[in-house]
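Breakdown of the fold
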Amino acid sequence: METKTATIKRQTDQSKLVLQGHTGNFEIILTEDNPNNIKSVFNLILKDLKNGLIQFELTDDKEDMYYHICKEYIKQLNAEMVTIYEELERYDLVVEEKEESANNQIARPE
């Protein structure tokens, strides 16, 4: 399992939880009540899980309301991702890493 960072981007008009994934960053807007944003990000994270199991770790300097909300959210998300990843493995939907794939190739005589 690989640990990826999660940070809180605080701005005057909008604050976001930024989750680093295999294929890019995912942003959850914290200052809006928009379930579609959360669903969309969750779906992108699910697609990203095919590239390997990750867990998020919150790195933040402030211990404000956003910090405590995000910490709890990440705790729940990490637990959910383990369950989902196990299902992906069960149905053989996990993409093999290139290194593992290269190690499993048969050596050809020169």
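These figures come from a predicted structure and were not determined experimentally.

With 26 residues, helix 2 (residues 65-90) extends 38 Å from end C-alpha to end C-alpha; this agrees with the ideal 38 Å at 1.5 Å per step. For helix 2, the full list of buried residues reads Tyr-67, Cys-70, Ile-74, Leu-77, Asn-78, Met-81, Ile-84, Tyr-85 and Leu-88. Those residues of helix 2 that are buried are in contact with strand 1 (2-10), strand 2 (15-20), helix 1 (35-49) and strand 4 (54-58). Two or three places before Tyr-66, at the start of helix 2, stands the capping residue Asp-64, its side-chain oxygen 3.3 Å from that residue's backbone nitrogen.

A separate point is the pattern of salt bridges. One pass over the structure, following the stated rule, counts six salt bridges. Across the salt bridge formed by Asp-64 and Arg-10, the nearest N and O atoms sit 2.8 Å from each other. Note that Asp-64 is positioned in the loop between strand 4 and helix 2 and Arg-10 in strand 1, a separation of 54 residues in sequence. Judged by its relative accessible area of 23%, Asp-64 is partly exposed. Taking the shortest distance from any N to any O, the salt bridge between Arg-90 and Glu-87 comes out at 3.1 Å. Within this pair, Arg-90 and its partner Glu-87 are both found in helix 2, separated by three residues, close to a single helical turn. Glu-87 gets classed as partly exposed once you look at its relative accessible area, which sits at 35%. What you see here is one network of salt bridges that share partners, running through Lys-9, Lys-16 and Glu-27.

Bringing the side chain of Lys-4 into the picture now. If you trace the backbone, Lys-4 turns up in strand 1. If sequence neighbours within four positions are ignored, Lys-4 has contacts with Gln-20, Gly-21, His-22, Ile-54, Gln-55, Phe-56 and Glu-57.

Phi at Asp-92 takes a positive value of approximately 55°, unusual for a residue other than glycine. Mapped onto the elements of the fold, Asp-92 is located in the loop between helix 2 and helix 3 (98-103).

Next up on the list: the environment of Ile-45. Its location among the elements puts Ile-45 in helix 1. Sequence-wise, Ile-45 and Phe-26 are 19 residues apart; in three dimensions their C-alpha atoms are separated by 7.7 Å. Setting aside residues no more than four positions away along its own chain, Ile-45 makes contact with Leu-19, Phe-26, Phe-56, Leu-77 and Met-81.

Conventions and cut-offs
Residues numbered from 1 in each chain as written. Predicted model: local features only at pLDDT ≥ 70, side-chain atom pairs only at ≥ 80, totals over all residues. Heavy atoms only, no water. Helix = DSSP H or I, 4+ residues; strand = E, 2+ residues; numbered from the N terminus. Expected span 1.5 Å × (residues − 1). Buried < 20%, exposed > 50% of the residue type's maximum accessible area, 1.4 Å probe, protein only. Contact = heavy atoms within 4.5 Å. Polar contact = N/O pair within 3.5 Å; in protein donor to acceptor, adjacent residues only side chain to side chain. Salt bridge = Lys/Arg side-chain N within 4 Å of Asp/Glu carboxyl O.

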